[in-house]
Amino acid sequence: MPASLHSRLVGPDDGTPGAGSNASASAGSSSGGAPFGVAPAHDAAPEAAASEAAAVVEPEGAMSSSAAGAVAEGAMPANDGPGRGPDEKAPSPNPSPWSHRRQPQPQQRPVAAAPARGLSPAQRLALTLAMPLMMMYCMAAFAVAWMSTFTVVPSYILAQRLYWTCPFIPHIWRRLGPLAGFAARIGFESSHCINILTRLLTLPLRPHLPSFYILGFPKCGTTSLAEHLRTHPGLSATAGLPYHEALAKESHFFQGVYGRSCASSRLLYRSCFPTVVTRWWHEVVRGAPAWMCFDACPVNACTPHVAERIRRLTPDAKIVVMLRDPVPGVFSAEIMMRDMGVPLEWTLTEPVTPNDPRFTQIPADVASLWRELAVLPHDAPLPYKLPYTLYNTLGATLQCGMYAELLQPFLERFPRESFMFINFGDFVKDTEGVVRQVLDFVGLDSQSYRHVPLLPAMKNNYGSRRMHPSVKAALTELFREPNRRVAALLGRNDLGWAGMGPESA
Ligand SMILES: Nc1ncnc2c1ncn2[C@@H]1O[C@H](COP(=O)(O)OS(=O)(=O)O)[C@@H](OP(=O)(O)O)[C@H]1O
């Protein structure tokens, strides 16, 4: 590949794609000094703020502080939306002036941070000419990976060492019974291995790192948002995990792999993203003016060691954060884990006593593990108990709802303009509008986006059950103060979540 093409794909020095750097540089230069790229909060006089915002005239092509605010504000209105489980607030028929102010008006549509840069005509031609060779190389890599998986036993060990295996999976094949379970395990392990080996063998064709992250939080609609974004011709998610195509959005890189140095980590992380063949397909065949990829692994937001690792690999990345009332969020996590067969030692459907310690505080062992993660050097191996604790314990599930605390390491390391916050309720109410705002925010052309509603199965819903009112009351109490801190972080009084707002103050 010509050096210039390679540097265009990877970015000049740090390995980030040029498009992402470009976009964030532009947004960065337009900082209005307001927190999170959000215009100053006007909660005391929302109507006045609305007319103020409407009066702003944006210079063509520039992103002023108010436009940066509009990006985030448009995506952050109040109440959680319809279609929710019985434990969530219904949207107010008369939206608050605060939320009304945030409905994007046509003339207030956020101005794109900067158009993402695509390949030049010469680069497109060079790629097209090289394409047959690259495709043959990919097929050969796949064949080698396939054969070695079934002939070379150590490849299995390699897979286990290099990549973290999702702890859900053993539960799934255990549930299938001994014979089918064994067959499923062989199938899973070998496809995992083939996938990993193919990715590693095609590493020279994988120069991309993500331009942005859907950082979290779990059960806040990250799968839906990623699914919608993936339909844009200029976007691809991670290369996917072999066991769940719908999860081709999550690398889980920072929960398992991460090399002993920044350079080796960057190289390994590139294996999680598509090849130049994919880029060629999007830019040359589908005609997208530019292409970029993203990682939407929502547990990244939950584990504090990730912030420094992301900063080292992709300092210019943009960060999209989805937030949802943690009370139904925690319940959604339980439903998912139970349906996947994880043998949980807890349930949220049975009554609890008012002072049940499981719901009044984060357990000491989880708190100490999280403190350990917060100070973990960027190249140190992860504590061995992290995967089990993170996915199998109630304490960690509750810990993942402490948004303000978990966002702090990211806020300390990335400029405020790099963040976009989305309230789940707003996403549910106006999915298309929010997706377009995200596209504008990351610097892609939102006009090329065609919104197609997702099938229910693609929303990552595992059914609805009823949380016991006593559990709901306990969780509401547990999250009351942390939720206030999130609201304060975003410059809001009320996010429309249970336990917030004047009536519950
Ligand atoms: N468009 C839309 N409308 C209504 N609800 C929606 C939508 N998109 C996602 N969801 C709900 O979001 C929950 C899944 O969130 P995630 O995809 O982030 O989960 S995960 O962390 O990736 O496992 C899961 O929530 P629960 O239904 O409460 O389990 C999904 O149903």
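Residues numbered from 1 in each chain as written. Predicted model: local features only at pLDDT ≥ 70, side-chain atom pairs only at ≥ 80, totals over all residues. Heavy atoms only, no water.

**A closer look at the pairing of strand 3 (residues 292–295)**
Burial along strand 3 is two-sided: the residues M292 and F294 and C293 and D295 are all buried. Pairing of strand 1 (residues 212–216) with strand 3 involves two bridges; the strand directions are parallel. The residue bridging F212 from the neighbouring strand is F294, located in strand 3. In this structure, strand 2 (residues 235–236) lies alongside strand 3, joined through two bridges in parallel fashion. Of the residues in strand 3, the one forming a bridge with L235 is M292. (Buried < 20%, exposed > 50% of the residue type's maximum accessible area, 1.4 Å probe, protein only. Helix = DSSP H or I, 4+ residues; strand = E, 2+ residues; numbered from the N terminus. Pairing = 2+ DSSP bridges.)

**Some thoughts on the site of the ligand**
With respect to spatial proximity, 20 residues lie near the ligand, and among them T222, T223, S224, S332 and N461 are the closest. G221 is positioned such that a nitrogen or oxygen atom in its backbone is 3.1 Å from an oxygen atom of the ligand. In this structure, an oxygen atom belonging to the ligand sits 3.0 Å away from a side-chain N or O atom of K249. Considering the ligand on its own, with 640 Å² of exposed area, one finds that the protein chains cover 90% of that surface. (Near = heavy atom within 4 Å. Polar contact = N/O pair within 3.5 Å; in protein donor to acceptor, adjacent residues only side chain to side chain. Areas by Shrake-Rupley, 256 points an atom, 1.4 Å probe, with all protein chains shown as cover.)

**Points about a nonpolar patch on the surface**
Together, Y137, F142, V144, W146, M147 and L201 give the surface a local cluster of nonpolar side chains, amounting to about 580 Å² of exposed area. Counting residues per element, the nonpolar patch draws most heavily on helix 6 (residues 121–151), which supplies five residues. Positionally, Y137 belongs in helix 6. Look at Y137 and you get partly exposed, because its relative accessible area is 36%. (Patch = residues over 30% accessible without salt bridge, like charges linked within 9 Å, V, L, I, M, F, W, Y side chains within 5 Å. Salt bridge = Lys/Arg side-chain N within 4 Å of Asp/Glu carboxyl O.)

**Side note on the UniProt feature "active site" (unreviewed entry) in the protein chain**
Residues annotated in UniProt with the feature "active site" (unreviewed entry) correspond here to K219. Structurally, K219 is set in the loop between strand 1 and helix 10 (222–230). Leaving out residues up to four positions away in the same chain, K219 has contacts with R324, G329, S332, A333, M336, N460 and Y462. (UniProt positions renumbered as here; feature names shortened; annotations may be inferred. Contact = heavy atoms within 4.5 Å.)

**Let's talk about the packing of aromatic side chains**
Applying the stated criterion across every chain yields a total of eight aromatic pairs. Considering the side-chain rings of F212 and F294, the 4.9 Å spacing of their centres and the 15° angle between planes classify their relative orientation as stacked. In this pair, F212 sits in strand 1 while F294 sits in strand 3, placing the two residues 82 residues apart along the sequence. Overall, the relative accessible area of 0% leaves F212 in the buried class. Between F217 and Y403 the ring centres are 4.4 Å apart and the planes differ by 40°, which places this aromatic pair in the tilted class. A residue pair is termed long-range when its members are at least 10 positions apart, and F217 in the loop between strand 1 and helix 10 and Y403 in helix 19 (residues 403–413) qualify at 186 residues. When its relative accessible area of 0% is taken as the criterion, F217 is described as buried. Residue Y403 is classed as buried on the basis of its relative accessible area of 3%. A connected cluster of aromatic rings, assembled from ring pairs, spans F253, F254, Y269 and F273. Taking NZ or CZ as reference, K318 lies 4.5 Å from the ring centre of F441, over its face. Sitting above the plane of the F424 ring, R324 keeps its charged end 4.3 Å from the centroid. (Phe/Tyr/Trp six-rings, centres within 6.5 Å; stacked < 30°, edge-to-face > 60°. Lys NZ or Arg CZ within 6 Å of the ring centre and 35° of its normal.)

**Observations concerning the sheet that holds strand 5 (residues 419–423)**
Pairing is parallel in the open sheet, where five strands are placed in the order 2-3-1-4-5. Of all strands in the sheet, those with a lone pairing partner are strand 2 and strand 5, marking the two edges.

**Quick word on the UniProt feature "transmembrane region" (unreviewed entry) in the protein chain**
In this numbering, the UniProt entry assigns the feature "transmembrane region" (unreviewed entry) to residues 125–147. The straight-line gap between the two end C-alpha atoms of residues 125–147 is 34 Å; of that span, 100% is helix and 0% is strand.

**Topic: helix 14 (residues 326–339)**
Counted at 1.5 Å a residue, the expected span for helix 14 with its 14 residues is 20 Å, and the 20 Å between its end C-alpha atoms agrees. Most of helix 14 sits inside the fold, with 12 of its 14 residues counted as buried. What helix 14 keeps buried is the set P326, V327, P328, G329, V330, F331, S332, A333, E334, I335, M336 and M337. N-capping of helix 14 is provided by D325, with a side-chain oxygen placed 3.1 Å from the backbone N of V327. (Expected span 1.5 Å × (residues − 1).)

**Structural notes on the pairing of strand 5**
When you tally the buried positions in strand 5, you get five out of five residues, the bulk of the element. Examined bridge by bridge, strand 4 (residues 318–323) and strand 5 share five bridges and lie parallel to one another. From the neighbouring strand, V321 faces strand 5, where its bridge partner is F421.

**Here we look at the nonpolar core**
F217, L225, L229, L348 and L475 are the most contacted members of the largest nonpolar core, which has 100 residues in total. If sequence neighbours within four positions are ignored, L229 has contacts with F212, I214, L235, F294, V435, V438 and L439. Listed in part, the nine residues of the second largest apolar core include L119, M131, L205 and V277. (Core = buried A, V, L, I, M, F, W, Y, C linked by side-chain atoms within 4.5 Å.)

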